[in-house]
Amino acid sequence: MFSNIKCQKKAINSLKQLISAGKEAQSYLFYGPKGVGKLATAFEFAKAVNCPNQKNYDACDNCSSCIKIDHFTHPDINFIFPTPKFDVTTEGDFRKESEQIQVQNFIKQIKSTPFSRYKFSKATSIQIDTIRRLERKILFKPTEGKYHIIIITEADEMTRQAANAFLKTLEEPPPYAIIILTTTKFSSLLPTIISRCQKVRFNSITQDVIENHLIEEFNVDKAQARIISRISNGNMAKAILMSKEQQIETRDMALDFVEFIMNNDLEGIHNFSDNFIQNRNEEVLRDIFDFLVLWFGDLLYLSSNQSRIVNIDQMEKLQNFNQIRQLSNKEIQEIILLIEQSKNLLAGHINFELIVIDTFFQIYNKIYGD
Ligand SMILES: [Zn+2]
């Protein structure tokens, strides 16, 4: 039911209005920041329009259609997401068990923690073969439901060829098809795709909603929920992940780095970098970069707007940092930009070792001079 999604009233109301007025579009684009419930809403929408017991334009959650959609086993729900290039038959059957397991793990993770994503081992995209298989499948009427629902998450990851092929379906979908695209990168989509969809905007989730959700659904204690809700920056997925222990450790690691910087401890920074290069854990590195961006962002707010400080439990350290080396706003912004650029390089699978060394030592150099 839509009420399972606590934080997107506006988007959900506009969808319900469309259903109630009988004005369902055939193609939707759900866009907005990461981790705010776009995909979860897409599945609730799929349930609502296919549910035989639909009430107040919402799904019942109890019928076989709803249950199958919840379990990702409904034959008329076509869920497409970016993957590495897998070895599959024209029907989409896997030739390698190890690859099938990766896809199962992806779906398992969405089921258990809807806001988070399983990370594939290789670079991912939505490939033309996938779109072609989809086109063939929706030539046939739905077998159980009223509609074929096509959910394409991270639609911006369609390759150019895939997007062009998909345009055909989008131009003239069969009357029994509903297409829902989700994206965090609105502007990366082809304008021709955007213009053919009913656009539904999803907003960041407020800190209060995240805080309460962590307390109620994940039994996080109040003080910690408060810090996490601030650090997560409106991203529920991130907040949930952070409420698990490992993220607290990762943040501590980022704070260790800050400590080395504060102490002008070059050896510490060397060891810190070496550690990463040996372990090559991209995900942790990306999180550290996120935490560092927030840390330097907090330094900006220290003099201008303390209520926006995220690391509220680290006020003393922030103030100490500021005393040791008072950076100008421009210098801080340069450091944040540098870290953001490193994050992009990391996403592009550029030399890992180089990114680690470059980022950490460039931050050092910006602070202490070359
Ligand atoms: Zn139902």
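Caption draft 1: Inspection of the overall build of the chain at higher detail. The number of helices and strands found in the chain is 16 helices and five strands. Over its C-alpha atoms the chain spans a radius of gyration of 23 Å, differing by no more than 12% from the 21 Å that the globule rule assigns to 370 residues. Here the C-alpha coordinates of the chain stretch approximately 70 × 40 × 35 Å along the principal axes. Burial statistics for the chain: of 370 residues in total, 34% are counted as buried. Taking as baseline every contact in the chain between residues at least 6 positions apart, the subset at least 24 positions apart corresponds to 72%.

Caption draft 2: Quick peek at the environment of C51. In this structure, C51 sits in the loop between α2 (38-50) and α3 (64-70). When the C-alpha atoms of C51 and D61 are compared, they prove to be 8.4 Å apart, with ten residues separating the residues in sequence.

Caption draft 3: Geometry of the packing of helix α8 (residues 207-218) against helix α9 (residues 222-231). Running from N to C, α8 and α9 cross one another at 140°; their axes reach a closest spacing of 8 Å. Accordingly, the angle class assigned to the pair α8 and α9 is oblique. The handedness of the crossing between α8 and α9 comes out as right-handed. Contacts between α8 and α9 involve Q207, I210, E211, L214 and I215 from the former and K222, A225, R226, I228, S229 and R230 from the latter.

Caption draft 4: Quick look at helix α15 (residues 329-347). For α15, built from 19 residues, the straight-helix expectation of 27 Å at 1.5 Å per residue is met to within 8% by its first-to-last C-alpha distance of 27 Å. Residues of α15 that are buried include every one of I335, I339 and S342, and no others. Projection of α15 onto a plane perpendicular to its axis shows the buried side chains occupying an angular sector of 55°, all on one side. Opposite its buried face, α15 presents the exposed residues N329, K330, L337, N344 and A347, each directed more than 90 degrees away.

Caption draft 5: Examining the domain arrangement of the chain more closely. By domain assignment, the chain separates into domain 1 (2-82 + 125-201) and domain 2 (244-368). Between domain 1 and domain 2, the C-alpha centre-to-centre distance is 38 Å.

Caption draft 6: How the structure looks around the nonpolar core. Ranked by internal contacts, the top residues of the largest apolar core, which has 60 residues, are I151 and I180. Tallying contributions element by element places α2 first for this core, with six residues. Leave out the neighbours within four places in its chain, and I180 touches Y28, F30, A42, F45 and I151. In this structure, F257, V258, L285 and I339 belong to the second largest nonpolar core, which totals 21 residues.

Caption draft 7: Broad picture of the sheet that holds strand β2 (residues 77-80). Taken together, the five strands give an open sheet; going across it, the order is β2-β3-β4-β1-β5, and neighbouring strands pair in parallel fashion. The open sheet has two edge strands, β2 and β5 (198-201), and neither has a second partner. Between one strand and the next, the sheet's axes are offset by a mean angle of 15°, whatever the strand orientation. With five bridges joining them, strand β1 (residues 27-31) and strand β4 (residues 177-183) adopt parallel strand pairing. Residue pairing across strands places S27 opposite I179, the latter belonging to β4.

Caption draft 8: Region of the structure containing the pairing of β4. Summarising burial for β4: seven of the seven residues are buried, a large majority. In β4, alternate side chains face the same way, and those of A177, I179, L181 and T183 on one face and I178, I180 and T182 on the other are all buried. Where strand β3 (residues 148-152) and β4 come together, five bridges link them in parallel fashion. Across the sheet, residue I150 finds its bridge partner in β4, namely I179. This β-α-β element, β3 to helix α6 (residues 160-171) to β4, shows right-handed connectivity.

Caption draft 9: Inspection of the environment of T83 at higher detail. Within the secondary structure, T83 is located in the loop between β2 and α4 (97-112). Looking at T83, the number of C-beta atoms within 10 Å reads 20, which means it is buried. Taking C-alpha positions, T83 is 21 Å from K238, a pair spaced 155 residues apart along the chain. Aside from chain neighbours lying at most four places away, what touches T83 is V103, F120 and T124.

Caption draft 10: Fine view of α6. Taking 1.5 Å per residue as the helical rise, α6 with its twelve residues ought to reach 16 Å, and the 17 Å between its terminal C-alpha atoms agrees with that figure. Buried residues along α6 sit against α5 (128-137) and α7 (191-195).

Rules of the game
- Along every chain, residues carry numbers that run from 1 in the direction the sequence is written.
- Residues qualify for local features only when their pLDDT is at least 70, as the model is predicted, and side-chain atom pairs are given and counted only at 80 or more; totals for whole chains, interfaces and linings, by contrast, use all residues.
- The numbering of helices and of strands both runs from the N terminus, where a helix is a DSSP run of H or I of at least 4 residues and a strand a run of E of at least 2.
- Atoms considered for the radius of gyration are the C-alpha atoms alone. The globule rule reads 2.2 Å times the number of residues to the power 0.38.
- Between the buried cut of 20 or more and the exposed cut of 12 or fewer other C-beta atoms within 10 Å of a residue's own C-beta lies the partly exposed class, and all C-beta atoms are placed from the backbone.
- The contact rule is simple: place each C-beta atom from the backbone, and if two of them lie within 7 Å, those residues are in contact.
- Axis angles are defined between N-to-C directions and span 0 to 180 degrees, where every axis is a line fitted to C-alpha atoms and, for a helix, only to the segment in contact.
- Under this scheme an angle from 65 to 115 degrees is roughly perpendicular, one under 35 degrees roughly parallel, and one over 145 degrees roughly antiparallel; angles in between are oblique.
- Crossing handedness follows the turn of the near helix against the far one: under a right angle anticlockwise gives a left-handed crossing, and clockwise gives a right-handed one.
- In a helix, the anticipated span is given by 1.5 Å times the number of residues less one.
- As used here, the arc is the angular range of directions from the helix axis to the C-beta atoms.
- As annotated, the domain borders come from an automatic or database domain assignment.
- The term nonpolar core refers to a set of buried Ala, Val, Leu, Ile, Met, Phe, Trp, Tyr and Cys residues connected through C-beta atoms within 7 Å.
- By this definition, two strands are paired if DSSP reports at least two bridges between them.
- Looking down the strands as they point away from you, a crossover is right-handed if its path from the first strand over the helix to the second goes clockwise.

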